[in-house]
Amino acid sequence: MNYFKNTFKLAIVAMALTLTVAACNQQEQKSNKKQDVKVEPAKAGQHVEIRYIDEDSVLKNYNLAKDFQEMATRLQNQGDQASKKHSEQIQNFATNAAKTAQQRINANQVTPEQVTQVPMPDGSGAYMLLADAQKYQQMMQNAQNEIAKLQQSGDNQLMQSQKQLNDSIDNFLKDYAAKNHYDVILKKAAATLYINPSLDVTDEVIEGLNKRYTKVAKK
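Figured I'd write up the structure that's included with this text.

Parameters at a glance
- Residues numbered from 1 in each chain as written.
- Predicted model: local features only at pLDDT ≥ 70, side-chain atom pairs only at ≥ 80, totals over all residues.
- Heavy atoms only, no water.
- Salt bridge = Lys/Arg side-chain N within 4 Å of Asp/Glu carboxyl O.
- Helix = DSSP H or I, 4+ residues; strand = E, 2+ residues; numbered from the N terminus.
- Buried < 20%, exposed > 50% of the residue type's maximum accessible area, 1.4 Å probe, protein only.
- Patch = residues over 30% accessible without salt bridge, like charges linked within 9 Å, V, L, I, M, F, W, Y side chains within 5 Å.
- Areas by Shrake-Rupley, 256 points an atom, 1.4 Å probe, with all protein chains shown as cover.
- Lys, Arg positive; Asp, Glu negative; His and termini not counted.
- Charge placed at Lys NZ, Arg CZ, Asp CG, Glu CD.

1. Things to note about the pattern of salt bridges
Argument step 1. If you walk through the whole model with that rule in mind, you get four salt bridges.
Argument step 2. Here Lys85 ties to Glu146 by a salt bridge, and the two come within 3.7 Å at their closest N and O atoms. Note that Lys85 is positioned in helix H3 (residues 63-106) and Glu146 in helix H4 (residues 130-180), a separation of 61 residues in sequence.
Argument step 3. Two residues, Lys174 and Asp170, come together in a salt bridge whose shortest N-O distance is 3.4 Å. Within this pair, Lys174 and its partner Asp170 are both found in helix H4, separated by four residues, close to a single helical turn.

Now the structure itself:
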């Protein structure tokens, strides 16, 4: 999703589980390698209970993920509104300032030292009185500062929500696997070329996640 159009792009919350699980797997592999941990091979005849989930379906239907998607949309709208507000204000001021300067130049009411050429929002150039040019530059700087502040705030909120989402799903799967005596829960997309549909526990996981989740009312 674009946030402040080309200035700021928000992460898609629906990607959170896949990205974080992959990162965790890589970190775990590095950690195991570093500590030289040896995993005992499964004993002959040992039965391993395996299930799988469709992570895309989980993220699409888990209410917490939906709430974070709404938050991402809200942040995008806030960014669009801020960008539009500053753009309109700067454009109007620049147009009026350039018009005023040109009128005074045509009437020989100013000297060359009292005006300066500045780049306009549309990419062209125009003359402004020095005071107007300084105000114009300050308006653009203020707009950049506000957008940068919103960008940082948006990044922080999305990082926190991504962690909360992944922790929530991870903790539930641990409890769910222990309760049902499952040894492995795989992701369908990365599991194998074929897996028996009877091992799909996606619906049960979604139901359990939503049953456990209590939405916090907005203040």
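2. A look at the environment of His181
Argument step 1. With respect to the helices and strands, His181 occurs in the loop between H4 and strand S6 (184-187).
Argument step 2. You can call His181 exposed: its relative accessible area is 63%.
Argument step 3. With 133 residues separating them in the primary sequence, His181 and Val48 have C-alpha atoms 9.6 Å apart.

3. Brief notes about unusual backbone geometry
Argument step 1. Of note, the phi angle at Asn108 is positive, near 55°, even though the residue is not glycine.
Argument step 2. When you line up the elements, Asn108 lands in the loop between H3 and strand S4 (115-119).
Argument step 3. Asn108 sits in the exposed class, given a relative accessible area of 69%.
Argument step 4. Residues other than glycine seldom take positive phi values, yet His181 does so here, at roughly 60°.

4. Details of a negative patch on the surface
Argument step 1. Side chains of Asp200, Asp203, Glu204 and Glu207 sit close together on the surface and give a patch of like negative charge.
Argument step 2. Mapped onto the elements, Glu204 comes out in helix H6 (residues 202-212).

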